[in-house]
Every structure is written in C-alpha cells, then in structure tokens.
Amino acid sequence: MYDQPLPAVSFQAVTKRYGPVTAVDKVSLDIAQGEFFALLGSSGSGKTTLLTLLAGFDKPSEGQVMMSGVSVSDVPPHKRQIGVVFQNYALFPHLTAAENVAYPLKMRGVARSERDQRVRAALGLVNLSDRLDAYPIQLSGGQQQRVALARALVFSPAILLMDEPLGALDRRLRDQMQQELKRIQRELGITVIYVTHDQSEAMAMADRIGIMSDGRLLQVADPQTIYAAPTSHFVARFIGECSILCVKSTEGGWDYDIAGARQALSSPAVGPIDIVVRPENVSLRSPAKEPIEKAFSVPATIQEVIYLGAGWRVALKLSDGQSLLANVMRGDDLAGNLAPGAQVIAQWQPTSVAVLPAEG
Ligand code: ADP
Ligand code: MG
C-alpha cells in the first residue's frame, strides 16, 4: 500500500450547483498518474463542469479536488500544471502557430531562447514542424487542433484535459487524431482526462471510462468491463446495443426463467433481476437442430431482419412478448434464411449475460 503513488487527481465527494441545477453531484474519483481516463456522457451530464473544477476555472460547492495528494482549492488555474484543449480551438487569429504555442510560456516568464526551443519541440510532437509561421486561417481544422494541443503541452503540464477535442473534425480525421493522441500520451507519459459523448471514441482510447448522467458518476471501469458487466440499465443501454430482459428468478435465486425456458445463474440473485444480452452473443438455430451444449435456449419469432453488410441484425419476439436482438453473420446456421414470422430458437451462453437488479 505505502509505495502506491498518489493519484494524479482525486475528486472527493465533489458537488457543483448553479442555482437550482446540480451540475456535478457528489462525484468521488481517483485518476492514476499516466492514466488515459475518458469521461463519457450525453450533453448536460456534467462532464465539462467536472473539468472546469479541476482546471480551477470554478470552485466546487462541496467536496475537494486534490492533485497528487494536495488540495488545490487555493491554487489558481495557471499554477495547477494543467493543459487544456477544447473543441473550439480558441487560437489567437492574429498570431502564427509558433506564437500561439509560445503564449503560455510568455505568460510564465520563460526566456526567449528556451521558449523557441520548446515551441519547436511541441510543434514537432504534433507533426507541424513545417507550419511554424502559418496563421490559424491558413491551417486546416485538424492542423489548428494540433496547434491547440501543442499549446496545451508546451509548458510540460502534469495533466492534459481535453473537452470533446475532436468533435469538429470529420470521421477519418478523428480516427487519425485518436491514434496520434494515444501516441503522444504514451511518449509523454502524461495523465489525460478526455471528455466525449462518443462511446466508440472512449472505448478506443481510454484505460478507464467514467460514465456520467445527471451530474452523477454511474460507473467507472475499463472498456471491457463497462461493456460486458454494466452495473445499471443506463450504462447497459448507453454503451453498445443490448436487449434487457425481465426474468423471473426461481429456486432461491439460482435459476432464471424467460418465457418458460430455464437457466441456472452462477451465483444466486438477490431480489428481482433483469439480464443484459448483447446481440453478438445471441445465435439462432432452427427448432429441428440440436441445442448447443450448455447454452440457454428459448423459442422466438423473427420480427424484422436488417442487412448490415457484414451480417444481419434480427429483431425477435419471445412468447411472453419481450424483444430480443441477435446478430447473424455469414456462414451462421440460418444466414440467408431469415424471414419475418419464422419460428427459431435463440440461444446464448449463460456466462455472456450481465445481471442487473430489476428497475423500478
Ligand atoms: P456536459 O459537458 O456533460 O454537456 P455541463 O457540465 O456543461 O455538461 O453542464 C451540466 C449542467 O450544468 C447542465 O444542466 C448545464 O446547463 C449546467 N451548467 C453548466 N455550466 C453552467 C453555468 N455556468 N451556469 C449555469 N448552469 C450551468
Ligand atoms: Mg461539455
């Protein structure tokens, strides 16, 4: 325990209210040194407010923000060693790329010769060594965002905050910048807190993801765990596609029952439960075929078939009226043979579902 490094950032029961609105609601969260942490949530969930409190542009109504174990309540923004990149790059239009990047060094009173050297290094890091003298208007959106990144990194901050930084870029450029941001983060070993409402972006980049809704931090975990083991209906629905089935647990909680088919649970359920089933974990077979070993099987009727290129998305209805999604790939049992109205058996491995306490 004692040689554990202190978290780079620690939010301790942080609440921020704006009048009647609770923008951030009792958030407690530790972020490790060198971690790439994504804050994911829809618009208005409190992501930007949380960054604002860390950057020091505003103060919490309650709770504490710590950096490396020290409270930063009385530390002004420019002394917090935090670089910030926003979606709107906010470059100075009348300054060149190099002058924009030099700005935070000037503010910190860094001498000219050192400034030049650090500006070159920072613009080199973002692959813009050949555009030192360009004005923002002469640069593409992606290049402007690189300048903003270089400006945020030039004073060697301990932490880099990015708020929807790629939101204004088109898909291809976003993918490319995602890779590059990961490279830069690895090269510098810097702690990154990255705000996005795009789940695939969070999944692709982050060591851990924190899901926010209504100012609350609902779940914090690595991408695989968030996807495979959501702890709430909100998180299950927010990340990827899924069916949430209302099931009856039986036999003291050791089994569940869906539309008359029964399946054992690996540990007994306490109280009413729902299960989360991802469509890629559901396969279909004709009722005439043998069941797959250990799989849970339930009869279903095909409602709708959507062609996705790589396969088909099939909407099904169970005999108790519940809906279920399945992905069928080329080469699968019923591929090319899916028709609305057809009776099939839907099946999945019991270990592929997540169990949630039933809602409401
Ligand atoms: P996100 O970045 O996830 O979209 P925000 O942190 O910007 O969410 O906002 C969270 C909530 O706080 C929203 O309801 C927003 O309207 C409110 N809010 C944010 N900043 C202010 C402010 N300065 N004054 C009043 N309300 C604010
Ligand atoms: Mg925001």
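Residues numbered from 1 in each chain as written. Chains lettered and ligands numbered in written order. Predicted model: local features only at pLDDT ≥ 70, side-chain atom pairs only at ≥ 80, totals over all residues. Heavy atoms only, no water.

Peer 1: What is the right way to read helix H1 (residues 47-55) from this model?
Peer 2: Since the α-helix advances by 3.6 residues per turn, residues separated by three or four positions end up pointing in the same direction. Burial of H1 is extensive: 8 of the 9 residues sit out of reach of the surface. Those residues of H1 that sit buried are Lys47, Thr49, Leu50, Leu51, Thr52, Leu53, Leu54 and Ala55. Looking one or two places after H1, you find Gly56, whose phi comes out positive at around 90°. (Buried < 20%, exposed > 50% of the residue type's maximum accessible area, 1.4 Å probe, protein only. Helix = DSSP H or I, 4+ residues; strand = E, 2+ residues; numbered from the N terminus.)

Peer 1: Hey, could you run me through the packing of helix H4 (residues 141-153) against helix H5 (residues 171-188) in this one?
Peer 2: Axis angle and axis distance: for two packed helices, these are the angle between their axes and the distance between the axes, and together they describe the pair. For the pair H4 and H5, interaxial distance at closest approach is 12 Å and the crossing angle is 20°. Relative to H5, the element H4 lies roughly parallel. In the packing of H4 onto H5, the handedness of the crossing is right-handed. Along its contact with H4, which presents Gly142, Gln145, Arg146, Leu149 and Leu153, the element H5 presents Leu173, Gln176, Met177, Glu180, Leu181, Ile184 and Leu188. In the contact of H4 with H5, the residues fall into 7 nonpolar, 3 polar and 2 charged. (Axes fitted to C-alpha atoms, helices over the stretch in contact; angles between N-to-C directions. Parallel < 35°, antiparallel > 145°, perpendicular 65-115°, else oblique. Left-handed = near helix turned anticlockwise from the far one by under 90°. Contact = heavy atoms within 4.5 Å. Nonpolar A, V, L, I, M, F, W, Y, C, P; charged D, E, K, R; others polar.)

Peer 1: Just to check I follow, could you spell out the site of ligand 1 for this structure?
Peer 2: Taken together, the residues surrounding ligand 1 are Tyr18, Val21, Ala23, Ser42, Ser43, Gly44, Ser45, Gly46, Lys47, Thr48 and Thr49. In the environment of ligand 1, an oxygen atom lies 2.7 Å from a nitrogen or oxygen atom belonging to the side chain of Thr48. Between ligand 1 and Thr49, the relevant distance is 2.5 Å, taken from an oxygen atom to a side-chain nitrogen or oxygen of the residue. Burial of ligand 1 by the protein amounts to 57% of the accessible area it has alone, namely 560 Å². The set of elements that each furnish at least two residues to the shell around ligand 1 consists of strand E2 (21-31) and H1. The leading source of residues in the shell around ligand 1 is H1, at 3 residues. Of the residues that constitute the shell around ligand 1, the class distribution is 3 nonpolar, 7 polar and 1 charged. (Near = heavy atom within 4 Å. Polar contact = N/O pair within 3.5 Å; in protein donor to acceptor, adjacent residues only side chain to side chain. Areas by Shrake-Rupley, 256 points an atom, 1.4 Å probe, with all protein chains shown as cover.)

Peer 1: Looking at this structure, how should I read the packing of aromatic side chains?
Peer 2: The relation between two aromatic rings is expressed through the spacing of the ring centres and the mutual angle of the planes. Within the structure shown, the criterion is met by 5 aromatic pairs. Judged by centre distance (5.8 Å) and plane angle (45°), the rings of Tyr307 and Trp312 are tilted. Over the ring of Phe155 we find Arg108; its NZ or CZ atom is 3.8 Å from the centre of that ring. (Phe/Tyr/Trp six-rings, centres within 6.5 Å; stacked < 30°, edge-to-face > 60°. Lys NZ or Arg CZ within 6 Å of the ring centre and 35° of its normal.)

Peer 1: Before we go on, may I ask you to explain the domain arrangement of the chain in this structure?
Peer 2: By a frequent convention, interface size equals the accessible area lost on bringing the separate parts together. By domain assignment, the chain separates into domain 1 (9-237) and domain 2 (241-357). The centre of domain 1, based on its C-alpha atoms, is set 40 Å off from the matching centre of domain 2. Taken together, the 10 residues of domain 1 in the interface contact 9 residues of domain 2. Between domain 1 and domain 2 the total buried area reaches about 750 Å² when both faces are included, carbon and sulfur atoms providing 55% of it. Looking at the side of domain 1 facing domain 2, the largest losses of area belong to Tyr227, His233 and Ala236, adding up to 65% of the total buried there. For the pair domain 1 and domain 2, the number of links is 0 salt bridges. Put simply, domain 1 and domain 2 have 4 residue pairs in polar contact (both at pLDDT 80 or more) between them. Put simply, the parts of the chain that give the side of domain 1 that touches domain 2 at least two residues each are helix H7 (223-228) and helix H8 (233-238). Each residue belonging to the side of domain 1 that touches domain 2 can be placed in one class, and the counts come to 6 nonpolar, 3 polar and 1 charged. (Domains from an automatic or database assignment. Buried area = accessible area lost by both parts, 1.4 Å probe. Salt bridge = Lys/Arg side-chain N within 4 Å of Asp/Glu carboxyl O.)

Peer 1: What's the story with the sheet that holds strand E15 (residues 273-277) in this structure? I'm lost.
Peer 2: The strands making up a sheet associate through hydrogen bonds between their backbones, and the pairing can be parallel or antiparallel. If you walk across this open sheet you meet the 3 strands as E11-E15-E21, and the pairing is antiparallel. Looking at the sheet topology across the chains shown, the edges are occupied by strand E11 (243-246) and strand E21 (354-357). Within the sheet, the average angular offset between the axes of one strand and its neighbour, ignoring direction, is 30°. For E11 and E15, the ladder comprises 4 bridges, and the chain directions are antiparallel. Pairing of Ser243 across the sheet is with Val277, part of E15. (Pairing = 2+ DSSP bridges.)

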